[in-house]
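Take a look at the letters that make up each chain.
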Amino acid sequence: MNKSQVKLEEIMPALQGVIPSIVATSSLDHIPNVTYISQIYYVDTNHVALSYQFFNKTIKNVRENPVLVAILTCPVHYSLYKMTLRYQESQTSGEIFDNMSMQLDALAISQKKEHIFKLRAADIYEVISIIHV
Amino acid sequence: MVVPAWHVEFLKQPLSLWIATTNMENVPEPAKCTGISFDPETDTFTCFVPSKFTVKTFKDLKENPIMTLVGVELHTYEGYQYKGQYLFQRECTQKEIDYQYKYMKEFTDILESFGYSGPGYWKAYIHPPFIALSFKATQVFDQSPKVGTGGEIKTGQS
């Protein structure tokens, strides 16, 4: 990463799910898609996991074109960050999946939307870059 | 018409609005939209975007003139995605700028009722000057969070 880029650990408040993030993807035939996502979860210094709740256009797109761009908002300073990610794998069990599922359950209870927040998989992404917008 | 008539009222609400483009290498670019106008006669959306957020958006549109817009109602998460052909860009008129401030006030009032910081969102999103980007919708998709979401909506469906 060069000096203008931000490290994942510097934006931890934006990864708490307080403010939903925006994710944009592209199909192989160059059609963009943009949607909200409930959760971007810190895995390690170079990886995050995104919640996969429905089989939708975002999931279809990243399976054929692995580049995803997310906009995260820091709930403390309201700074915006653009994160470019590359899809690696989908996990349906294990520590990351269990932790994300637990966080989603808490969100569901607080918002009375249990049917929306059921986790199907934790999609693991490599962090390519993070910049302050 | 591609956009169902009943969407006209939906689109008048202070929705959460984002656009996205992509280049020929399929690297997408989302950008915050600070208001829209919609002409149901021509299925044309005009999206207002702070120019600060449009650097890659413009490059993408020169290569690949396809835009998408998502609008989500903040209480229910009811949302729709409108995809179509980019038409043109221009500076916003004063009337459009005034509309954006009114829209953002209504939008942040809702967010404040959820416990978020209204001034925080202004700081994040309001960056004049604003650009108007127009596109003609060719497809509409249901994006409300539910099993089976993502389906295309055809005119005549309710």
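The paragraphs below set out a description of the structure included in this document. Since the structure is predicted, the reported quantities are computational estimates derived from the model, not experimental observations. (Residues numbered from 1 in each chain as written. Chains lettered and ligands numbered in written order. Predicted model: local features only at pLDDT ≥ 70, side-chain atom pairs only at ≥ 80, totals over all residues.)

**Some words on the overall build of chain B**
Put simply, the rule is: A run of DSSP states H or I qualifies as a helix once it reaches four residues; a run of E qualifies as a strand once it reaches two. Both are numbered from the N-terminal end. Restricting the calculation to C-alpha atoms gives the radius of gyration, and the globule rule supplies 2.2 Å times the number of residues raised to the power 0.38. Residue burial is a threshold on neighbouring C-beta atoms within 10 Å of the residue's own C-beta, all placed from the backbone, with 20 or more meaning buried, 12 or fewer meaning exposed, and counts in between meaning partly exposed.
In terms of helices and strands, chain B carries four helices and seven strands. Reading chain B from its N end, one meets helices and strands in the order α-β-β-β-β-α-β-β-α-α-β. Relative to a compact globule of 158 residues, whose C-alpha radius of gyration would be 15 Å, chain B shows 15 Å and is just as compact. C-alpha atoms of chain B, sized along the principal axes, occupy 40 × 35 × 30 Å. In chain B, which comprises 158 residues, the proportion classed as buried is 36%.

**What to know about the overall build of chain A**
Applied cut-off: Throughout, a residue-residue contact means that the two C-beta atoms, derived from backbone geometry, are no farther apart than 7 Å.
Helix and strand counts for chain A stand at two helices and seven strands. Beginning at the N terminus, the succession of helices and strands in chain A can be written as β-β-β-β-α-β-β-α-β. Compactness check: chain A gives a C-alpha radius of gyration of 14 Å against a globular reference of 14 Å for 133 residues, within 12% of the reference. Counting only C-alpha atoms, chain A reaches 40 × 40 × 25 Å along its principal axes. A separation of at least 24 residues holds for 70% of the contacts in chain A among residues at least 6 apart in sequence.

**Focus: the sheet that holds strand 5 (residues 67-73) of chain A**
Residue and element names in this part refer to chain A. Filter applied, for reference: A pair of strands counts as paired when DSSP detects no fewer than two bridges linking them. To obtain an axis, a line is fitted to C-alpha atoms, over the contacting stretch when the element is a helix, and the angle between two such axes runs from 0 to 180 degrees between their N-to-C directions.
Across the sheet, seven strands lie side by side as 2-1-5-6-7-4-3; this open sheet has antiparallel pairing. What marks the edges here is a single partner per strand, and that holds for strand 2 (32-37) and strand 3 (40-44). Each adjacent strand pair in this sheet contributes to an overall mean axis angle of 35 degrees, direction not counted. As paired elements, strand 4 (residues 47-52) and strand 7 (residues 121-132) share six bridges and run antiparallel to each other. Residue pairing for strand 7: Leu50 is matched across the bridge by Asp123. Taken strand by strand, helix 1 (residues 57-64) contacts strand 1 (21-26), strand 2, strand 4, strand 5 and strand 6 (80-91), and its axis lies near 50 degrees from that of strand 1.

**Overview of the interface of chain B and chain A**
Test applied: Each residue is assigned to one of three groups, with Ala, Val, Leu, Ile, Met, Phe, Trp, Tyr, Cys and Pro labelled nonpolar, Asp, Glu, Lys and Arg labelled charged, and all others, Gly among them, labelled polar.
The interface of chain B with chain A comprises 27 residues on the first partner and 23 residues on the second. Mapped onto the side of chain B that touches chain A, the elements with two or more residues apiece are strand 1 (16-22), strand 2 (28-32), strand 5 (66-72) and helix 4 (118-125) of chain B. Here the element with the most residues in the side of chain B that touches chain A is strand 1 of chain B; it accounts for five residues. Tallied by class, the residues present in the side of chain B that touches chain A amount to 14 nonpolar, 10 polar and three charged.

**Describing the packing of helix 3 (residues 94-113) of chain B against helix 4 of chain B**
All names here are of chain B. Definition in use: By definition in this entry, angles of less than 35 degrees are roughly parallel, angles greater than 145 are roughly antiparallel, angles of 65 to 115 are roughly perpendicular, and the rest are oblique. Definitions for this section: a left-handed crossing has its near helix turned counterclockwise from the far helix by less than a right angle. A right-handed crossing has that turn clockwise.
One way to put it is that helix 3 packs onto helix 4 with a least axis distance of 8 Å and a crossing angle of 135 degrees. One way to sum up the angle between helix 3 and helix 4 is to call them oblique. For helix 3 against helix 4, the interelement crossing comes out right-handed. On helix 4, the residues that touch Met104, Thr108, Asp109, Leu111 and Glu112 of helix 3 are Gly118, Tyr121, Trp122 and Tyr125. The residue inventory of the contact of helix 3 with helix 4, partitioned by class, reads five nonpolar, two polar and two charged.

**Re the sheet that holds strand 5 of chain B**
All names here are of chain B. Taking strand neighbours across the sheet as the criterion, the seven strands line up as 2-1-5-6-7-4-3 in an open arrangement whose pairing is antiparallel. The open sheet has two edge strands, strand 2 and strand 3 (36-39), and neither has a second partner. Taking each pair of neighbouring strands and ignoring which way they run, the sheet shows an average axis angle of 30 degrees.

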